[in-house]
Structures are given as C-alpha cells and as structure tokens.
Protein chains: 2
Amino acid sequence: MQNIQHYIAQNKDRFINELFELLKIPSISADSAFSQDVINTAEMVKKSLKEAGCDIVEICETDGYPIVYGEKTIDENLPTVLVYGHYDVQPPDPMDLWNSPPFEPVIKETSRHPDGAIFARGACDDKGQFYMHVKAVEFMIKTDQLPCNVKFMIEGEEEVGSKSLSAFVAGNQAKLANDIILISDTGMIANDVPSITTGLRGLSYVEVEMTGPNRDLHSGLYGGAVANPINVLSKMIASLHDENNHITIPGFYDKVEELTAEERGEMAKAPFSLEDYQMALDIESVYGEKGYTTNERNSIRPTLDVNGIWGGYIGEGAKTVIASKAYAKISMRLVPHQDWQEITRLFTEHFENIAPKGVKVKVTPHHGGQGYVTPIDTIGYRAASRAYETTFGKKPIPQRSGGSIPIVSLFEKELGSKTILMGFGLDSDAIHSPNEHFGIWNYLKGIETIPHFYHFFTEMSS
Amino acid sequence: MQNIQHYIAQNKDRFINELFELLKIPSISADSAFSQDVINTAEMVKKSLKEAGCDIVEICETDGYPIVYGEKTIDENLPTVLVYGHYDVQPPDPMDLWNSPPFEPVIKETSRHPDGAIFARGACDDKGQFYMHVKAVEFMIKTDQLPCNVKFMIEGEEEVGSKSLSAFVAGNQAKLANDIILISDTGMIANDVPSITTGLRGLSYVEVEMTGPNRDLHSGLYGGAVANPINVLSKMIASLHDENNHITIPGFYDKVEELTAEERGEMAKAPFSLEDYQMALDIESVYGEKGYTTNERNSIRPTLDVNGIWGGYIGEGAKTVIASKAYAKISMRLVPHQDWQEITRLFTEHFENIAPKGVKVKVTPHHGGQGYVTPIDTIGYRAASRAYETTFGKKPIPQRSGGSIPIVSLFEKELGSKTILMGFGLDSDAIHSPNEHFGIWNYLKGIETIPHFYHFFTEMSS
C-alpha cells in the first residue's frame, strides 16, 4: 500500500483544512447554550462521510444529540470494521488560559511537535482522531483498495456520558453488526514509542449539594454557631482519603483486581521519567496512593478526584458570609470488575452517612461507565500491531490507560465484538485543558496507519 | 421631648422616601464595577447632611472611596457627638435568592415586622441605620432642640475593611475631636427586648490560592497520580478544626480572654430559644466549639469560617478535569486581646506549613481589625440606657455581638473617645444575605430614641 504516502502528500492541505472547519464549531455537549452548534456539527460529519464515499449516510435521532451513521459495504462475505468516534467536545474554560481562541484553530510548533500542531478544542479529543478514519477510508475507497466493509458511528454525547448511545446500540444490533471495532480516542507513549491502549478505567461521576442554614448568614453574627456548609464539605471530602491516600468508602476496593508482580513488572518496562513528568507539570513531587508507582496510580488503580467545587462569595474582594449551600463535582476512576453503578451507590450511602447534623446532603449521579481490558492475542490486536510496525518501523507497546471510554464495554456486551484502541495523540496534547492540540505528524501518521490495519485484518480473517 | 413623635408622624413618608432614594444606588464597595455608584452615593449623603441643617459639609477624598463629613457646632463649650456610619453595602449575590431586586426597595410585612419592613441591600446595614441619625439631627436642628454639637463621618469602605479610614482619622484628630461616638451598625435582641452592644469581635480575612499542576489536566490520565489542588485545599481547610471544633492554628488561642463563670452566667440571662433559632435557620442542630453555648460561640469565642471556595469546573454538566488552581476566602472572628495582624501571620505560617509537596500555597490578607469591649459605667452608656428606657419603656440589656466594626478600637486609639453602639436592627433582618430588610418600626424608633441620647448625654456631661 505504498501510495497512501503519496495520497497524503497530495491531499495534506485539504485534510488539514477540512479538520479546521470541523474544529470551528463549538460542539460543547455539556452546555445547552451550544446545542445548535452540536447539531450543526453532526450535519458536517454526515457530509464528510458522504464525500469520503460511504453509500449509506444517516443522522440518527436520539433522546439527546444525534448519532451519525455511515456505511460502505463491498461484499457481505468480507469482514466488517465499525469505527466509533465522537464529534462533541469538552467545555473550553478556563478561557483566559488559552493562548488562542479555542474554536479558531491555528498551527503552531511545539517541542514535541516540530512539524507543527493544530491548537483548538477537540483537535485531539476527538474530532482530529475520528477524522483520521474518515480520510483513511476516503483513500481506500477512492483508490479501490478498501479490502472489507466499513461502518461509522460518530456520536455527540461522549463528553457527557454517552447518555443515548446504549439505547441506540441495543436497538440497532443488526445494523451495527461487525467483526471488529476501531476507536481512536486515546493516546500513545511518544511519536517514536508507538503504543496501543489495552485497558481503560471505568467512571462514576457525581455532584454533591450541601445545605446548611436556609439562607446566607452574616459570618460575624452566626460564625462558629452553625455548621458552615463549605467547612463541612471540605471536611467530608478530606475524609474520603486516608493518610496513605487510600479511598475510605466502605466496599470501594472489594472488586478491584490486584495485578501480579509479573504484570506490574511488564508495565514498569514502559519508558517513563519521573523527572520529566514533574518538570512538565511544574510540580515538586507526585502525589498518590501509597505503594504504587505513578504509572500504576493513573492506570490500574481506582481514584477519587474533585473536578469542581464552589460555594459562598467567589467574586472580587471580601464578603463576610456563611453560605447556605456548597457544591462539588466528584469523579471516581474505576478499574475492571468495579461496577460503576455499585460504586455510585456506595459513594452516595457513605457520603450521606458521614454528613454531620446541621447540614443536608444531596448526591446526584451525573454518569458513569465500566472499565475494560482487551486481550492482545486476537486477530484485531495483531493486525493493529502489524499496521503500526509497518508505518512506525517498530512494534507498538500494549498500554493500560487511565482514561474512560465507557462504551467499549457496552459494545462488547451488545455487539459481541472486541475494540482496538488506536490512539495517535500524546499525553502532552492537553486534552480537556486549555490549548488542546494535535500534532500534524500524528494526524497524518494515523491516516497512513489505519489502511494497513484494514489490509492485515482482512488478510488474517480469511 | 414630646414632639419628636409628632415630628415623625408628620414626616414619616418623607423619611422613608428619602431612604429609598439612598437604597436605589448599588454602592457595592467590593466590586470595582460599581465604583461610580459608590461615589454618587457619597454625593447624596452630602446633600442629605446639608438639608438636615449641618453648617459644614464636605466630601473628603481618600486613597479609596470618599468619606462624607458634616458638622453643626452651636457652642464650643458644649459636648460634641461624632456619628459614624457607612454608605457602602455588601455585594447582593446570590441574586436568584432575592424575592425582589436588591436595589429596588419595597415594603413588605413579616412576622417580626407587622408594620412592614424595607427590603433592599443596605436597608439595615448600614444606610437605614446611619440615616436615622441624619433624620434625628434634622429634627433637633429644625426644632431648635440640638443640645450640643454634632459631627458626622460617613465612609464608603466599611464592607471592604475601611482601608482609608485609619489614615483619615489619624490625620484629622482636631477636626474629629469629640466626647462620644455614636454608631448604629449593630442589632438589638428584639423589638420588645432593647439591647446595647457592648462588645465586638475582631476580624482577620485572608484569601488562599492553591496551585498544583501548571495546567488543568484530564482526570483520567492524571487522576490519582498528582496532587489535586481542590482535594488538598479541602484537606487543609478540614485540618484547621479538630474533632471538638477547636481551631488548630498554633498560638491561635494564646491571648483569648476566658470569661468568668459569673460573666458567662450574666450572658446566659439574655432570652434565647435554641428551638426557635434552629427553626428560623431550618437546621436540625447547631454546630460549633465544644464546651460553649450558641450565644458564647458567636460572641465571646474566636471562629474560623470559609466564606467562599472555588476551583475546577463549576458549570452545567460534568467535566473530568483536575484543576491547576483552587481558591478560598477565609475569615477569622477574633475576641478582645487577639491582635488581628498577629493572627493573620499565624494563619499564614501554619497554612504554608501544612501544604503537602506537590502544591504551592499563596496566602493574601484582605483586611482585618481588632475586637472591642466597652464599659457600661460611662456617661455615654448611661445616657444611651436612659434614652432607650424613655422610648422602649424598659432598660436595655448590654450584649456582646459576634460582628466586627474594626474602626471602634481605631477611634479609641486615635481620638481617645468611647463608642456607643446603638443598633436598632434585628438578627433576622438578613444583613449580608438575600432579602436584607429593616423594620419601619425600628427605623422610626431609632429616629425617636437618638434625640433623647443627646439630651441625657449633654445633661450628664455638664
């Protein structure tokens, strides 16, 4: 498949410009103010699949944002690849930390991306990464080299828990039938250290509301005499970890799989410099669960983090007030075998139990999903491994990621097929952060690698 | 002085309308967006003092907001009363909890105010209360009954720590020379239980900034591996109180005066219903320092409260982010003998000490002031007591307040005179809260009572 490189060289500018158009729409699924933008983005994705050569292209309505479906069937007897991605993005705030507007993509060089990177919200997560598949399929169709059938399912609610996807998948098993699922929504270790994600963490995301007195109070007249919801919330959050940073929720670790020394040894082989890690984040020291390395803490161990907290007076200057209410958004990353709904229940019961008299607690689950581990002895994994080897010149390393893509376990359950996570982003691409970006090199490398997967997978399947 | 009641009956509507005009201007000193409104309010106060009959009226510029000065001298040999008040107000947020716009005053009846109360930010704190003095002086001047000299000093920075006042007072000792200072910026126990505030708490108000990683991070990829500034801030705030709700800052209690059993017995005599208190706040239980009653906790004991906290994603929906920064506004109420600057230093040192590796801490003092206790055997107190007795028909109870009016101790230091705190508001007037209000009855009762103070004070002084 030599001429993929030639095709990329000829169409490089168009590939980038098309992605720019997609990145210009603020498809923020978490904020209803942007709902029309999310819907407009679905339309643009539909158009792009049509132009890539899909025969069937549909906007599938759901209770939430639509799912864009595309299909190119060349022979019922050949294998079918299902590509999943999402066209919605995270909220861009804090806005003031962006060096350029989040929805006005620009190309800038970085130390890790000497060939330049596209800076924009969604550049890497996930518009840039799912669009690699659209362009790779375009190449195979236009050059009559598509070796099997392909289906696309691009959703618009991934950043808010894929609320509508499970019903859609369960209701369309025939339509979505496939032999392997491809997702590019993760990262790799480095441009010269290709890796394939073989594990994901689950997620339970809740919001807590703490109510003390029925109104804001003057801190002079009431200070010290009533429970201050912010002080109490801080105390309760603090109590969720012990002195070794173990999570204190009863039953939280019951189903956590402990890796063998051998497995941990394998993990430890992945190149990692604590010094570089700390320098990149400008921190004096890492911090986390006692007895585990940094790479273990963010992949094979469950965690609990406050993602947002607010209460009382947060404006300029000073206000001597005791707030009536305080709030926090708390998420827990889970490992395989931990059931996110059970964990959500355990958290809720525990949090309500530890609330002192004098405050009322309300816990509202936002969303969640199960963790996932994929075997590396499947045709899918081996085909992916060979594809990387072909384009990177070296074997990819299997890697457990700390992130969550809840739908992966959903797919296995509903469609009975495995998922290959071919991520081409880097951890330093600042996804979910200001100045998110995606390397031009990585974008094009993805487009180059994907057709090889189709080739090897079809070959090995026959 | 019978005809004060007659004068009030004749001018009641005008007294209320004039106060409404003052309340309509959002003189929020904490928010620079309202600076022109604060300045316009000073102009209106100046005009009102002129119309009340002051001979000298000036806007005195400072490094911050101006101080309005007024004076009516009838005889150098007679005593002089200095009236202090403030025309700035607290920020009104949370706006959505107001039943009517904070700067569009309306009169509504309440269970405690059957004759109606004026609802507006500043109605009680302190526009309504300092304006009682303007109207009381107007009465005495217009009816040729002013028995002594009077001076007004109305500032515009009380809600942000009276930043410019100390320099002004220190630089104008002759101009501000007086025999007694009158302030109505506190409350009384109930309309049928008059009280005079004899003690105030000091204040130290700081803002803390916690920095973890140098940018917001994806909580999946980094969760559990780096110090989360919000989790750490919660932990540090929680550690500031022990299991008995004693404050844990080393040296914090060193200078705290412990009251005798006798003094505490006297305090306990003030009418108080824990049941009503809890019901009014809709709380199942009070909460505070072990070994002290509610009335002790909010008056004779120092406290530490978080007045505001924020960090991470606080918008709609969910965002799986580990914030780079988290913030809190923290205030400590202090009792007499605790020095606010020393406490601020102790807090800062302690807070920096307990920060774990992996985060950076910045503590910024906002403002502060000393506590104060006034004796009850002075001419000033006895004159005030008789004035209340005349208009309420019963002796007022001396009461320690939990609030802070830092300038009271400043006045004693710089001007060598005592202060009488004649507050006519009620704790239920929701100052610093949404739906702040001030009873019409209380407003007029203040105007009625104040002239009697002038009469008795002059009489006793001769």
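Because the structure is a prediction, the values reported are computed rather than measured.

Rules and cut-offs
Residues numbered from 1 in each chain as written. Chains lettered and ligands numbered in written order. Predicted model: local features only at pLDDT ≥ 70, side-chain atom pairs only at ≥ 80, totals over all residues. Heavy atoms only, no water. Helix = DSSP H or I, 4+ residues; strand = E, 2+ residues; numbered from the N terminus. Rg over C-alpha atoms; globule rule 2.2 N^0.38 Å. Buried < 20%, exposed > 50% of the residue type's maximum accessible area, 1.4 Å probe, protein only. Contact = heavy atoms within 4.5 Å. Least-squares fit on C-alpha atoms with pLDDT ≥ 70 in both. Buried area = accessible area lost by both parts, 1.4 Å probe. Salt bridge = Lys/Arg side-chain N within 4 Å of Asp/Glu carboxyl O. Polar contact = N/O pair within 3.5 Å; in protein donor to acceptor, adjacent residues only side chain to side chain. Domains from an automatic or database assignment. Nonpolar A, V, L, I, M, F, W, Y, C, P; charged D, E, K, R; others polar. Expected span 1.5 Å × (residues − 1). Arc of directions from axis to C-beta. Disulfide = S-S within 2.5 Å. Axes fitted to C-alpha atoms, helices over the stretch in contact; angles between N-to-C directions. Parallel < 35°, antiparallel > 145°, perpendicular 65-115°, else oblique. Left-handed = near helix turned anticlockwise from the far one by under 90°. Lys, Arg positive; Asp, Glu negative; His and termini not counted. Pairing = 2+ DSSP bridges. Phe/Tyr/Trp six-rings, centres within 6.5 Å; stacked < 30°, edge-to-face > 60°. Lys NZ or Arg CZ within 6 Å of the ring centre and 35° of its normal.

### A look at the overall build of chain A
Scanning chain A from N- to C-terminus turns up 13 helices and 18 strands. Against the globule reference of 23 Å for 462 residues, chain A gives a C-alpha radius of gyration of 23 Å, in line with a compact fold. Taking the principal axes of its C-alpha atoms as reference, chain A extends roughly 80 × 50 × 45 Å. For chain A, buried positions account for 63% of its 462 residues. For chain A, the share of sequence-separated contacts (at least 6 apart) that also reach a separation of at least 24 residues comes to 78%.

### Side note on the relation of the copies chain A and chain B
Each copy of the sequence occupies a distinct position, and chain A is placed on chain B by a rotation of 180° and an axial shift of 0.1 Å, giving an RMSD of 0.1 Å. Here the symmetry operator amounts to a two-fold rotation axis.

### Structural notes on the interface of chain A and chain B
Contacts between the two partners involve 93 residues from chain A and, on the opposite side, 93 residues from chain B. Summed over both partners, the interface of chain A with chain B comes to about 7,900 Å²; 51% of that surface belongs to carbon and sulfur atoms. A salt bridge links D282 of chain A to K360 of chain B; the nearest nitrogen and oxygen atoms lie 3.6 Å apart. Across the contact surface, chain A and chain B share 48 residue pairs in polar contact (both at pLDDT 80 or more). The leading source of residues in the side of chain A that touches chain B is strand β11 (residues 303-312) of chain A, at ten residues.

### Digging into the domain arrangement of chain A
Residues and elements named next belong to chain A. We note that the domain assignment places domain 1 (4-200 + 372-461) and domain 2 (202-256 + 302-369) within chain A. For domain 1 versus domain 2, the separation of C-alpha centres amounts to 35 Å. Tallying the contact residues gives ten residues for domain 1 and seven residues for domain 2. Carbon and sulfur atoms supply 57% of the area buried between domain 1 and domain 2, which totals about 600 Å² over both sides. The largest share of the area that domain 1 buries against domain 2 comes from G161, S404 and P406, three residues that together contribute 50% of it. There are zero salt bridges connecting domain 1 and domain 2. The residue makeup of the side of domain 1 that touches domain 2, split by class, is five nonpolar, four polar and one charged.

### Some points on helix α2 (residues 35-52) of chain A
All names here are of chain A. Taking 1.5 Å per residue, 18 residues should reach 26 Å; α2 reaches 26 Å between its end C-alpha atoms and fits that length. Taken residue by residue, α2 has V38, T41, A42, V45, S48, L49 and A52 as its buried positions. For α2, the buried positions fall inside an angular range of 125° around the axis, keeping them on one side. Looking at the packing, one finds that the buried side of α2 touches α1 (3-23), β1 (56-60), β2 (67-72), α3 (127-142) and β6 (149-155).

### Concerning the state of the cysteines
This structure, assessed with the given rule, holds zero disulfides over all chains. A disulfide-free cysteine, C54 of chain B has its sulfur positioned 12 Å from the sulfur of C148 of chain B, the nearest such atom.

### Some words on the packing of α1 of chain A against α3 of chain A
All names here are of chain A. Where α1 meets α3, the closest approach of the two axes is 10 Å, and the angle between their N-to-C directions is 140°. When the axes of α1 and α3 are compared, the pair comes out oblique. Pair α1 / α3 crosses with right-handed handedness. In contact with N3, I4, Y7, R14, F15, E18, L19, L22 and L23 of α1, α3 contributes K127, G128, F130, Y131, K135, E138, F139 and K142. Classifying every residue of the contact of α1 with α3 gives nine nonpolar, two polar and six charged.

### Some details on the packing of helix α1 (residues 3-23) of chain B against helix α13 (residues 440-461) of chain B
Residues and elements named next belong to chain B. Running from N to C, α1 and α13 cross one another at 130°; their axes reach a closest spacing of 10 Å. By the angle between their directions, the pair α1 and α13 is classed as oblique. Seen from above, α1 lies across α13 with right-handed handedness. On α13, the residues touching I4, Q5, I8, K12, F15, I16 and L19 of α1 are I440, Y443, L444, I447, E448, P451 and H452. Along the lines of polarity and charge, the residues of the contact of α1 with α13 split into ten nonpolar, two polar and two charged.

### Side note on the side chain of D185 of chain B
Residues and elements named next belong to chain B. Note on placement: D185 falls in the loop between β7 (180-183) and β8 (195-200). For the buried residue D185, which engages in no salt bridge, the nearest side chain bearing the opposite charge is R333, 9.9 Å off. One polar contact links D185 to H86, side chain to side chain, over a distance of 3.3 Å.

### Here we look at the sheet that holds β11 of chain A
Pairing within the open sheet is antiparallel, and its eight strands lie in the order β14(A)-β9(A)-β13(A)-β11(A)-β11(B)-β13(B)-β9(B)-β14(B). Two strands lie at the open edges of the sheet, namely β14 (360-369) of chain A together with β14 (360-369) of chain B, each paired on one side alone. Within this sheet the neighbouring strands show an average axis-to-axis angle of 20°, counted without direction.

### What to know about the packing of aromatic side chains
This structure, assessed with the given rule, holds 32 aromatic pairs over all chains. Following the ring pairs from residue to residue traces out a cluster consisting of Y388, F392, F424 and W441 of chain A. For K108 of chain A, the ring lying beneath its charged end belongs to F119 of chain A, and the centroid distance is 4.6 Å. Positioned above the aromatic ring of Y69 of chain B is the side chain of K175 of chain B, whose terminal nitrogen or guanidinium carbon lies 4.8 Å from the ring centre.

### What to know about unusual backbone geometry
Residue P94 of chain A is bonded to the preceding D93 of chain A through a cis peptide linkage, with omega at 5°. By the element assignment, P94 of chain A lies in the loop between β3 (80-86) and β4 (106-108). D126 of chain A follows D125 of chain A through a cis peptide bond whose omega is 5°. Of note, the phi angle at A430 of chain B is positive, near 60°, even though the residue is not glycine. For A430 of chain B, the location among the structural elements is in the loop between β17 (419-421) and β18 (437-439). Judged by its relative accessible area of 4%, A430 of chain B falls in the buried class. With a phi angle near 70°, H432 of chain B is a residue other than glycine that sits in the positive phi range. Along the chain, H432 of chain B falls in the loop between β17 and β18.

### Thoughts on the pattern of salt bridges
According to the stated counting rule, one finds 43 salt bridges over all chains in the structure shown. As a salt-bridge pair, E266 of chain A and K269 of chain A come within 2.6 Å of each other at their nearest N and O atoms. In this structure, the salt-bridge partner of D55 of chain B is K72 of chain B, at a minimum N-O distance of 3.3 Å. Of the two residues, D55 of chain B sits in the loop between α2 (35-52) and β1 (56-60) while K72 of chain B sits in strand β2 (residues 67-72), which places them 17 residues apart along the sequence. D55 of chain B gets classed as partly exposed once you look at its relative accessible area, which sits at 43%. With relative accessibility at 18%, the residue K72 of chain B sits in the buried group. Here the salt bridges do not stand alone but share partners, grouping R14, E18, K135 and E138 of chain A into one network.

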